[in-house]
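Examining the three-dimensional arrangement
The primary structure of each chain is shown beneath.
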Amino acid sequence: MSLANLRRLEAEAIHVLREVVATFSNPVVLYSIGKDSSVLLHLALKAFYPAKPPFPFLHVDTTWKFREMITFRDRMTQELGFNLLVHINQDGVDQGVGPFTHGSNLHTHVMKTMALRQALEKYRFDAALAGARRDEEKSRAKERVFSIRNAQHGWDPQRQRPEMWKTYNTRVGAGETMRVFPLSNWTEFDIWQYILQENIAIVPLYFAARRPVVSRDGMLIMIDDDRMPLEPGEEVMDRMVRFRTLGCYPLTGAIDSEAATVPDILREMLTVRTSERQSRLIDTDEAGAMEKKKREGYF
Amino acid sequence: MSYLQSVPPHDLGAHLAEHDSKTVLRFITCGSVDDGKSTLIGRLLFDAKLIFEDQLTNLGRVGSPGTANGEEIDLALLLDGLEAEREQGITIDVAYRYFATSKRKFIVADTPGHEEYTRNMVTGASTADLAVILIDSRQGILPQTRRHSYIASLLGIRHLVLAVNKFDLVEFRQSVFDEIARDYRAFAKKLGFVSIQSIPISARFGDNVISASQNTPWYKGPALLEYLETVQLDPPAAERPFRLPVQLVMRPHADFRGYAGQIASGRISVGDPVVVAKSGQHSSVEAIVTFDGNLPTAAEGEAVTLVLADEVDASRGNMLVAPAARPFVADQFQAHVIWFDASPMLPGRGYILRTETDSVSATVTALKHQVNINSFAREAAKSLQMNEVGVCNISTQAPIVFDAYKDNRATGNFVFVDRATNATVGAGMIDFPLRRADNVHWQATDVNKAARSAMKSQRPAVLWFTGLSGSGKSTIANALDRLLHARGKHTYMLDGDNVRHGLNRDLGFTEADRVENIRRVAEVAKLMADAGLIVLVSFISPFRGERQMARELMEECEFIEIFVDTPLEECARRDPKGLYEKALAGKIANFTGVSSPYEAPENPELHLKTVEEDPTTLALKIEAFLDGQRGDR
């Protein structure tokens, strides 16, 4: 195959998106508002053109996302006219679960993993597409493009199906569901290069700006609203920062950066010495954290 | 991690364009356990400075005993991303890593060495262009070296690097290298690799991994990375014929009908003629539609939507192809099959055969031979066990479109899926169609099934009684037979024991023989139904797969599955033939319910519980079902 890199990755992802629509009766896209989700949304518009993407997009709102993410989400929904479903784990809200009171692990489990399971069961989705990439994390590097989940939404790495060529086994048994990752073979650099090439809209938090942050556990945490209690000795700084990944604001670290445009970000990436997930608190809570979360049904 | 350069380039645009146009080399590392596959990739990435700092720091956290605290980093841990892998210190599943140098982009699949995880090695190999086979220089060629070399060749990999590893442990002696390289070449001669490059390396210390080692002055060849950066892959073969497997038919509104798919080979332009492979209908391309505007032309690898000039019948599973060079369309063909599942592949058993876009019922009609991976000798076999490779004749319920795998990896492959578990149980590479499919036609007769059943004033049916030995199948079937006979119906009873006295007397009770037993009976029942009869089949038939296969042989609504449900304890208590006593004493092997499984029907037409009602009442129920649901008089 002699296609240029991005073209090849694009074709591969479109093929996977179409395969899901051809073989599942009720698929959904897990839309996290981040850069990978923005790319996935863009690819979905391409894959079914001239039709609209024939599936809804689901955002699992933990109620702790950056405010700018929610604004961006609502603007995109309006501009592009796709079908957006938002799900919040109301039990968690009622119990007041949050990262400051309950810790990042419990918060993520209740407001993200459990919320996702609730939503998948509520709408009876049989396939959930997501923008995860193999280069993000080493247990992800082991996952298939079509990754089967048991009735409890758990991933069992030892029982992964062989996956040869582009001949996907899309059959699931009663209660089982499929998670599908069209961007499996994309790297972070590919994502940025594609965002530049296709002029894809992304949340402004990816671009450097002066923002109020505190230094906590070796990370720069942005004060996004008044729910964040300051610890003794902590001082709010006004720093030029941006985010490499986006999640719940108390769990997502910013990096010092001057990169205010996509080309700036690409230049920055050519010299960067740390991985993008370094700024994600939930991945480093314990060794094998990601695998453990996935076994529990995290996407 | 994707890419690293020490200084940001001034001209980002030109740099990105160059980056985007680099060729991609997909390769795997394979070989026996502990030959150092994961360590090699870890070393490659580490020495090429392609590992992020936090990833190295995290290794300290998860390091296996003895390696975490010190100077030496266990590089394999960069790859072994699963908990079980770190605990056991082995690679279980394939890991994909992505990196680029100034010359090329790489996608590397690190595959497991244990025979048990061969399916994961095949997963990585199916999309690779090159294989790096590792050998422990103290051990030489091991059975897994042979197995992986054979599988790599079978899956169409044409370029091979023989990495003779742990060379520090043999004091970098040239004689060791020469001997292993010579042995390997002799062994691999039959495997059809286009190139084999042997390199003496130490993954642990980095000798000849990214640069030439001081320790092997006698070795004049390239270091591994240098070789991977420059190896010539197959030149783009003279343009191959156009193939577009139809993945999805797009019909957003009444005026638009587009055939979406990824071009498997060749090139297509607006105005080009195409043929719908299964029907032979001709048309031409009116437009190549994409989100970014219509294209004048598109080529291999692109995901497109074609609009044709004429209305044709082409749904998912069909293929749009070049009229002058068409693929095969057949329902019988020969293929090489690799088996992955713990329950063996059995000739006669039904599976779902999945190509890139098509899905049909299929049976292996003959296992011609199994391939011995050490000698490549053909050996007779009745079944394929896990990780074995065999050459099979395969028959599908409906014709599929394909090319030979050697000509086209995308259109020549398939996977087998188990009906009951939905597991991917095997992978196939098609060799060629069997001529029988063309030459043996069903003989059409003037007096047909409809005429024969009309004369008998009945609808033919196959009543399939399944259940444990001693559950009461034959007793109920016999009672029903009397009832139907008394009403002037033409019936015939096929009984398991009776058939084994004649037609099937050559078959035993192994799983393979039981599958063949059912296949023959199903075929006989089909002929009898064709003769217009109501056939009562009374067989334990323990496996869902075979009952499904029998169902699919018959016409719609003709097959009636009757589950004679009697608990095992009750059957053993009745024990009309004294078989349970013997089986429980261990005197009968493969006895259903005792030493061999019974897979109960999931959706039988009739579910009879014999502990609650007597055989005559149950027979009357079946008669009522025939009268009512099927509208028989």
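The written sequence of each chain sets the order in which its residues are numbered from 1. Key to labels: chains lettered from A, ligands numbered from 1, both in the order written. Under the rules for a predicted model, residues below a pLDDT of 70 receive no local features and side-chain atom pairs below 80 are neither given nor counted, while totals for whole chains, interfaces and linings still include all residues. Each side-chain value is derived from all of the structure's non-hydrogen atoms; neither hydrogens nor water enter the calculation.

Chain B appears in an unreviewed UniProt entry as Multifunctional fusion protein from Rhizobium fredii.

The name given to chain A in an unreviewed UniProt entry is Sulfate adenylyltransferase subunit 2, with Rhizobium fredii as the source organism. Of the comments in the UniProt record for chain A, the one headed Catalytic activity (unreviewed entry) reads "sulfate + ATP + H(+) = adenosine 5'-phosphosulfate + diphosphate". Of chain A, the UniProt comment under Sequence similarities (unreviewed entry) reads exactly: "Belongs to the PAPS reductase family. CysD subfamily." UniProt positions are given in the numbering used here, feature names are shortened, and annotations may be inferred rather than shown by experiment.

**Let's talk about the overall build of chain B**
Secondary structure elements are defined from DSSP: runs of H or I of at least 4 residues count as helices, runs of E of at least 2 residues count as strands, and each element is numbered from the N terminus. Helix and strand content of chain B: 17 helices and 27 strands. Summarising its shape, the C-alpha atoms of chain B cover approximately 95 × 70 × 45 Å along the three principal directions. Working definition: with a 1.4 Å probe on protein chains only, accessible area under 20% of the residue-type maximum means buried, over 50% means exposed, and in between means partly exposed. Looking at chain B residue by residue over its 633 residues, the buried ones come to 58%. Whether two residues are in contact is decided by their heavy atoms: any pair within 4.5 Å suffices. Relative to all contacts within chain B whose residues are 6 or more apart in sequence, the contacts with residues 24 or more apart total 72%. Approximately 26600 Å² of chain B is accessible, and the part contributed by carbon and sulfur atoms is 51%. The Shrake-Rupley method, run with a 1.4 Å probe, gives the accessible areas here. Residue values count only the displayed protein chains as cover.

**Examining the sheet that holds strand S1 (residues 24-31) of chain B**
Residues and elements named next belong to chain B. Note on pairing: DSSP must find at least two bridges between two strands before they are called paired. The strand order S2-S3-S1-S4-S5-S6 describes an open sheet built from 6 strands, whose pairing is mixed. Across the chains shown, the open sheet's two edge strands, defined by having one partner strand only, are strand S2 (95-100) and strand S6 (195-200). Each adjacent strand pair in this sheet contributes to an overall mean axis angle of 20°, direction not counted. Taken together, the 6 bridges between S1 and strand S3 (residues 105-110) define a ladder with parallel strand orientation. Within the sheet, the bridge partner assigned to Arg 26 lies in S3 and is Ile 107. Against the sheet, helix H2 (residues 37-47) makes contact with S1, S2, S3 and strand S4 (130-136), and its axis sits at roughly 140° relative to S1, the strand it touches most. To obtain each axis, a line is fitted to C-alpha atoms, and for helices this fit is confined to the stretch in contact; angles are then taken between N-to-C directions over 0 to 180 degrees. Each of S4, strand S5 (159-165) and S6 is contacted by helix H7 (residues 174-188), which is oriented at about 160° to S6, the strand it contacts most.

**Quick word on the interface of chain B and chain A**
On the chain A side, the residues contacting the 91 residues of chain B number 71 residues. A simple way to read buried area is as the amount of 1.4 Å-probe accessible surface that goes missing from two parts once joined, with both sides added. For chain B, the biggest contributors to the area lost against chain A are Asp 20, Tyr 98 and Phe 291 of chain B; these three give 10% of the whole. Each reported salt bridge corresponds to a side-chain nitrogen of Lys or Arg within 4 Å of a carboxyl oxygen of Asp or Glu. Linking chain B with chain A are 7 salt bridges, by the criterion used here. Any N or O atom pair separated by 3.5 Å or less is treated as a polar contact, with the protein-specific requirement of one donor-capable and one acceptor-capable atom, and with residues adjacent in sequence counted only for side-chain atom pairs. The tally of links between chain B and chain A comes to 30 residue pairs in polar contact (both at pLDDT 80 or more). Lys, Arg, Asp and Glu make up the charged group, whereas Ala, Val, Leu, Ile, Met, Phe, Trp, Tyr, Cys and Pro make up the nonpolar group; the residues left over, Gly among them, are polar. Class assignment of the residues belonging to the side of chain B that touches chain A gives a composition of 45 nonpolar, 25 polar and 21 charged.

**Focus on the packing of aromatic side chains**
For Phe, Tyr and Trp, rings pair up if their centres lie within 6.5 Å, where Trp contributes its six-membered ring, and each pair is then called stacked (planes under 30 degrees apart), edge-to-face (over 60) or tilted (otherwise). Within the structure shown, the criterion is met by 35 aromatic pairs over all chains. With a centroid separation of 6.1 Å and 65° between ring planes, the pair formed by Phe 167 of chain B and Phe 172 of chain B is classed as edge-to-face. Taken together, Phe 328, Phe 333, Trp 339, Tyr 351, Phe 402, Phe 414 and Phe 416 of chain B form an aromatic cluster joined through their ring pairs. Two limits define a charge over a ring: the Lys NZ or Arg CZ must be within 6 Å of the ring centre, and within 35 degrees of the ring normal. Its guanidinium or amino end placed over the ring of Trp 64 of chain A, Arg 227 of chain A lies 3.8 Å from that ring's centre, counting from NZ or CZ. A cation sits over an aromatic face here: Arg 500 of chain B above Phe 509 of chain B, 4.0 Å from the ring centre.

**Focus: the UniProt feature "domain: Phosphoadenosine phosphosulphate reductase" (unreviewed entry) in chain A**
If you check UniProt for "domain: Phosphoadenosine phosphosulphate reductase" (unreviewed entry), the listed places come out as residues 26-253 of chain A in our numbering. Note that residues 26-253 of chain A is 30% helix and 18% strand, and that its end C-alpha atoms are spaced 35 Å apart.

**Remarks on helix H11 (residues 473-486) of chain B**
All names here are of chain B. Helix span, expected: 1.5 Å multiplied by one less than the number of residues in the helix. An ideal rise of 1.5 Å per residue puts 20 Å on 14 residues; H11 measures up with 20 Å between its terminal C-alpha atoms. All of the buried residues in H11 are Lys 473, Ile 476, Ala 477, Ala 479, Leu 480, Asp 481 and Leu 484. Contacts made by the buried residues of H11 are with strand S23 (461-466), strand S24 (491-495), strand S25 (534-538), strand S26 (559-565), strand S27 (606-609) and helix H17 (615-628). Just past H11, the residue Gly 488 takes up positive phi, approximately 80°.

**Notes on the pattern of salt bridges**
Residue and element names in this part refer to chain B. For the structure shown, the criterion picks out 53 salt bridges over all chains. The closest approach of N and O atoms between Arg 349 and Glu 546, which form a salt bridge, is 2.8 Å. Here Arg 349 is found in the loop between strand S16 (328-339) and strand S17 (350-354), whereas its partner Glu 546 is found in helix H14 (residues 544-553), with 197 residues between them in sequence. The buried category is assigned to Glu 546, whose relative accessible area is 1%. Across the pair Lys 449 and Glu 558 runs a salt bridge whose closest N-O atoms are separated by 2.7 Å.

**Here's the deal with the confidence of the model for chain B**
Residue and element names in this part refer to chain B. Considering every residue of chain B, the mean pLDDT works out to 87; 91% of them sit at 70 or more. Known as pLDDT, the predictor's confidence for each residue is given on a scale from 0 to 100. Every residue in residues 1-7 scores below 50 in pLDDT, and together they form 28 contacts with partners more than four places removed in sequence or on other chains. Throughout residues 61-71 the model reports pLDDT below 50, and contacts reaching past four residues in sequence, or to other chains, amount to 14 contacts.

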